[in-house]
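This is what each chain is made of:
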Amino acid sequence: MEENSKLAEQFWEEGFLVLDGFLESLKMDELNECILENLGKAPENLHSDEFLERSGADVVPWFPQHHGITAFDEVANNPRLLELTTALLGPEWQELYSMVMFSRQGSKGQSWHQDCPPEFPSHFNLNRLVYTHDVTPEIGGQTVVVPGSHRQGVIPIGDPDGVLEGQHVLEPKRGTLVLLHGHTWHRVLSVKGTYRVSTNFRACPQGVPKDVTDVCVYRNMRYRFSTGVFVEDRLAMPDRVQTGTPTH
Ligand SMILES: O=C(O)CCC(=O)C(=O)O
Ligand SMILES: [Fe+2]
């Protein structure tokens, strides 16, 4: 319990936490198998070419629960994960959904983004990312974060894949849990190995709308998934509108 409060302190300082060996290797192997069985190694991308081009999110999302697959429930209900989530988000936090994110060989990874708009600091999602295989420099697909950026408002306009000052490259292993605040600036590097996958058990604090991740913020635009609309072209906007002041 005391350890959890220390971890929570670190999370609120840095905007992320990396816990190696949090989950059992055998379970990770089972889930990795399950993912490959269902998706294969080269699943088709469902998004439009324009979205792929502008977002740089070269990844296929897959929601096992939508297919009646229960193999992931054991992780979602892991007592240590539940306790730690409560330590970070407070009681009565909400489970959102479990999402597998699959990148095939040659994928560009994911460009810099925030999972949801940062204008209201208390409105955020928590990514609880589980890795079912090692992510190594040889395979690629490392997760890159900017420590403390969850407290710095909207990600600056700029090169969607450029190096950001202070960025930190994570190499999660099989069984690593990464807890990542949705306002933290983050991206995924390109994939050289046969595939790269992460599974995200998303959650959010009590009172946060459950569609909090509907709009994703990239360095060049904002995109609303539910309607498939580019809701903001950041490259076309004057500087003063870029301060993150809510407009609605
Ligand atoms: O797969 C990862 O390591 C991070 C993916 C991501 O951007 C997210 O979970 O929001
Ligand atoms: Fe993300």
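That block above? That's the structure.
Quick caveat, the model's predicted, so the values are computed rather than measured.

Novice: What am I meant to see in the overall build of the protein here?
Specialist: Looking only at helices and strands, the protein features 5 helices and 14 strands. Taken against the 2.2 N^0.38 rule, which gives 18 Å for 248 residues, the C-alpha radius of gyration of the protein at 17 Å falls within 12% of a compact globule. The C-alpha extent of the protein, read off along each of the three principal axes, is 50 × 45 × 35 Å. Per-residue burial over the protein gives 38% buried out of 248 residues.

Novice: How should the nonpolar core be read in this particular structure?
Specialist: Taken as a class, soluble globular proteins show a tendency for nonpolar side chains to be buried jointly. Ranked by internal contacts, the top residues of the largest apolar core, which has 47 residues, are Phe102, Val130, Leu179 and Cys204. Ranked by residue count, the leading element in this core is strand β11 (residues 195–204), at 5 residues.

Novice: I keep staring at the pairing of strand β6 (residues 126–130) and nothing clicks. Help me out?
Specialist: Side-chain direction in a regular strand flips from residue to residue, so the side chains alternate between the two faces of the sheet. The element β6 is largely enclosed, with a buried count of 5 among its 5 residues. Residues of β6 alternate between two faces, with Leu126, Arg128 and Val130 on one and Asn127 and Leu129 on the opposite face, all of them buried. The sheet contact formed by β6 and strand β9 (residues 177–181) spans 5 bridges and is antiparallel. Looking at β9, one finds that Leu129 is bridged to Val178.

Novice: Would you mind showing me how to read the environment of Ala57 here?
Specialist: Tracing the backbone shows Ala57 in strand β2 (residues 57–58). In this structure Ala57 comes out as buried when scored by C-beta crowding, with 25 C-beta atoms within 10 Å. Along the primary structure Ala57 and Lys192 are separated by 135 residues, whereas in three dimensions their C-alpha atoms are 16 Å apart.

Novice: Before we go on, may I ask you to explain the site of ligand 1 in this structure?
Specialist: Around ligand 1, a shell composed of Met101, Gln110, Asp115, Asn127, Leu129, Thr143, His186, Val188, Ser198 and Asn200 is seen. Of all the secondary structure elements, the ones that give two or more residues to the shell around ligand 1 are β6, β10 (186–188) and β11. Grouping the amino acids of the shell around ligand 1 by side-chain chemistry returns 3 nonpolar, 6 polar and 1 charged.

Novice: In this structure, what is going on with unusual backbone geometry? I would like to understand it.
Specialist: Backbone phi values are negative for most residues with the exception of glycine, while trans is the configuration of most peptide bonds. With a phi close to 65°, Glu92 is a non-glycine residue in the positive phi region. Within the fold, Glu92 resides in the loop between α5 (79–89) and β4 (94–104). Note on Glu92: 9 C-beta atoms within 10 Å, which makes it exposed.

Novice: How should the sheet that holds β4 be read in this particular structure?
Specialist: Hydrogen bonds between backbone groups are what pair the strands of a sheet, and the pairing can be parallel or antiparallel. If you trace the 6 strands from one edge of the open sheet to the other, you get β1-β9-β6-β11-β4-β3, paired in antiparallel fashion. Lying at the two open borders of the sheet, with one neighbouring strand each, are β1 (16–19) and β3 (60–62). Averaged over all neighbouring strand pairs, the angle between strand axes comes to 20°, with direction disregarded. Strand contacts of α5: β6, β9 and β11, with the helix running at about 155° to β6, the strand carrying the most contacts.

Novice: Help me understand helix α2 (residues 25–39) in this model?
Specialist: At 3.6 residues per turn, the α-helix brings residues three or four places apart onto the same side. An ideal rise of 1.5 Å per residue puts 21 Å on 15 residues; α2 measures up with 21 Å between its terminal C-alpha atoms. What α2 keeps buried is the set Met28, Leu31 and Ile35. Viewed end-on, α2 has its buried residues packed into an arc of 65°, placing them on one side of the element. Opposite the buried face of α2, by more than 90 degrees, sit the exposed residues Leu26, Glu33 and Glu37. Among the structural elements, β4 and β11 are those in contact with the buried residues of α2.

Novice: Just to check I follow, could you spell out α5 for this structure?
Specialist: For α5, every residue scored as buried is listed here: Leu81, Leu84, Thr85 and Leu88. In a view along the axis of α5, the buried residues occupy a sector of 105°, so they form one face of it. Contacts from the buried residues of α5 go to α1 (2–14), α4 (73–76), β6, β9 and β11. Taken from the residues just after α5, Gly90 is the one with a positive phi, measuring 85°.

Novice: Looking at this structure, how should I read the packing of α1 against α5?
Specialist: Each packed pair of helices is defined by two parameters, the angle between the axes and the distance between the axes. Between α1 and α5, the least distance of the axes is 9 Å, while the angle of their chain directions is 50°. Classified by the angle their axes make, α1 and α5 are oblique. For α1 against α5, the interelement crossing comes out right-handed. Where α1 approaches α5, its residues Asn4, Ser5, Leu7, Ala8 and Phe11 are matched on the opposing element by Glu83, Leu84, Ala87 and Leu88. Here the contact of α1 with α5 is built from residues that sort into 6 nonpolar, 2 polar and 1 charged.

Thresholds applied
Residues numbered from 1 in each chain as written. Chains lettered and ligands numbered in written order. Predicted model: local features only at pLDDT ≥ 70, side-chain atom pairs only at ≥ 80, totals over all residues. Helix = DSSP H or I, 4+ residues; strand = E, 2+ residues; numbered from the N terminus. Rg over C-alpha atoms; globule rule 2.2 N^0.38 Å. Buried ≥ 20, exposed ≤ 12 C-beta atoms within 10 Å, placed from the backbone. Core = buried A, V, L, I, M, F, W, Y, C linked by C-beta atoms within 7 Å. Pairing = 2+ DSSP bridges. Near = placed C-beta within 6 Å. Nonpolar A, V, L, I, M, F, W, Y, C, P; charged D, E, K, R; others polar. Axes fitted to C-alpha atoms, helices over the stretch in contact; angles between N-to-C directions. Contact = placed C-beta atoms within 7 Å. Expected span 1.5 Å × (residues − 1). Arc of directions from axis to C-beta. Parallel < 35°, antiparallel > 145°, perpendicular 65-115°, else oblique. Left-handed = near helix turned anticlockwise from the far one by under 90°.

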